[in-house]
Amino acid sequence: MYALRYASRIATTVGAAALLVTGMASSSQAAQGTFFYTRADTGGETFLGSTPNGVCLSVPGGARQASNDTDTDATLYTNSSCTSFAGFVGSRQSEAFSSPYPTFVKFG
């Protein structure tokens, strides 16, 4: 009887570990779509093509206006460690920003 309970605990632990690993793997997915922005330095329109979730990405020139045409929310920052909050652009939304313009973005 003890062996059966022990085997059941092992199976439960293995199952929980598999769920944890699967959950962690899906959190590193890329946002599907494109993030467009108007550069604060030149006024030109540009975009970020590859937008992985959870990674602090550079927004060259700063964003005066941003359109998040991805399936994932975006948080914008004014520093490269993505700790100085500058704004939020929800999925399929647009926002305008004022100085200091955000120069980094993180999805997810």
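Here the structure is a predicted model, which means the values were calculated and not measured.

Caption draft 1: Spotlight on unusual backbone geometry. The amide bond that connects Ser-99 to the next residue, Pro-100, takes the cis arrangement and shows omega of 0°. In this model, Cys-82 sits at a positive phi of 50°, which is unusual for a non-glycine residue. With a phi close to 60°, Arg-92 is a non-glycine residue in the positive phi region. By the secondary structure assignment, Arg-92 is in the loop between strand S6 (85-89) and strand S7 (93-96).

Caption draft 2: Spotlight on the sheet that holds strand S3 (residues 57-58). Sheet architecture is open: four strands sit in the order S3-S8-S5-S6, paired in antiparallel fashion. Among the strands making up the open sheet, the edge pair consists of S3 and S6. With two bridges connecting them, S3 and strand S8 (residues 104-107) associate as antiparallel partners. By the bridge assignment for S8, Ser-58 is matched with Phe-104.

Caption draft 3: Examining the packing of aromatic side chains more closely. Scanning the entire structure with this criterion turns up three aromatic pairs. Arranged with centres 6.3 Å apart and planes meeting at 55°, the rings of Phe-36 and Phe-47 form a pair that is tilted. Residue Phe-36 is found in strand S1 (residues 33-39), and its partner Phe-47 is found in strand S2 (residues 45-48); the two are separated by 11 residues along the sequence. Ring-pair connections join several aromatic residues into one group, and the members of that group are Phe-35, Tyr-37 and Phe-107.

Caption draft 4: The nonpolar core, seen in detail. Membership of the largest hydrophobic core comes to 14 residues, with the highest contact counts inside it found for Phe-35, Tyr-37, Leu-76, Val-105 and Phe-107. Of all the elements in the fold, those that place two or more residues in this core are S1, strand S4 (63-70), strand S5 (74-77) and S8. If we ignore the near neighbours within four places in the chain, the residues touching Leu-76 are Phe-35, Ala-63, Ser-84, Phe-85, Ala-86, Gly-87, Val-89, Phe-97, Pro-102, Phe-104 and Val-105.

Caption draft 5: Structural view of the pattern of salt bridges. Applying the stated criterion across every chain yields a total of two salt bridges. The salt bridge involving Arg-39 is made with Asp-41; its shortest N-O contact spans 2.7 Å. A residue is classified by how much of its surface remains accessible, and Arg-39, at 23% relative accessible area, is partly exposed. Between Arg-92 and Asp-69 there is a salt bridge; the shortest N-O distance is 3.2 Å. Here Arg-92, found in the loop between S6 and S7, pairs with Asp-69, found in strand S4; they are 23 residues apart in sequence, far enough to count as distant.

Caption draft 6: How the structure looks around the state of the cysteines. With the rule as written, the count across this model stands at one disulfide. Cys-56 shares a disulfide with Cys-82; S-S distance 1.9 Å. Here Cys-56 and Cys-82 share a disulfide; its torsion about the S-S bond, 80°, makes the bridge right-handed. Here Cys-56 is found in the loop between S2 and S3, whereas its partner Cys-82 is found in the loop between S5 and S6, with 26 residues between them in sequence. Using a relative accessible area of 6% as the deciding quantity, one classes Cys-82 as buried.

Basis of the calculations
- Residues numbered from 1 in each chain as written.
- Predicted model: local features only at pLDDT ≥ 70, side-chain atom pairs only at ≥ 80, totals over all residues.
- Heavy atoms only, no water.
- Helix = DSSP H or I, 4+ residues; strand = E, 2+ residues; numbered from the N terminus.
- Pairing = 2+ DSSP bridges.
- Phe/Tyr/Trp six-rings, centres within 6.5 Å; stacked < 30°, edge-to-face > 60°.
- Core = buried A, V, L, I, M, F, W, Y, C linked by side-chain atoms within 4.5 Å.
- Buried < 20%, exposed > 50% of the residue type's maximum accessible area, 1.4 Å probe, protein only.
- Contact = heavy atoms within 4.5 Å.
- Salt bridge = Lys/Arg side-chain N within 4 Å of Asp/Glu carboxyl O.
- Disulfide = S-S within 2.5 Å.

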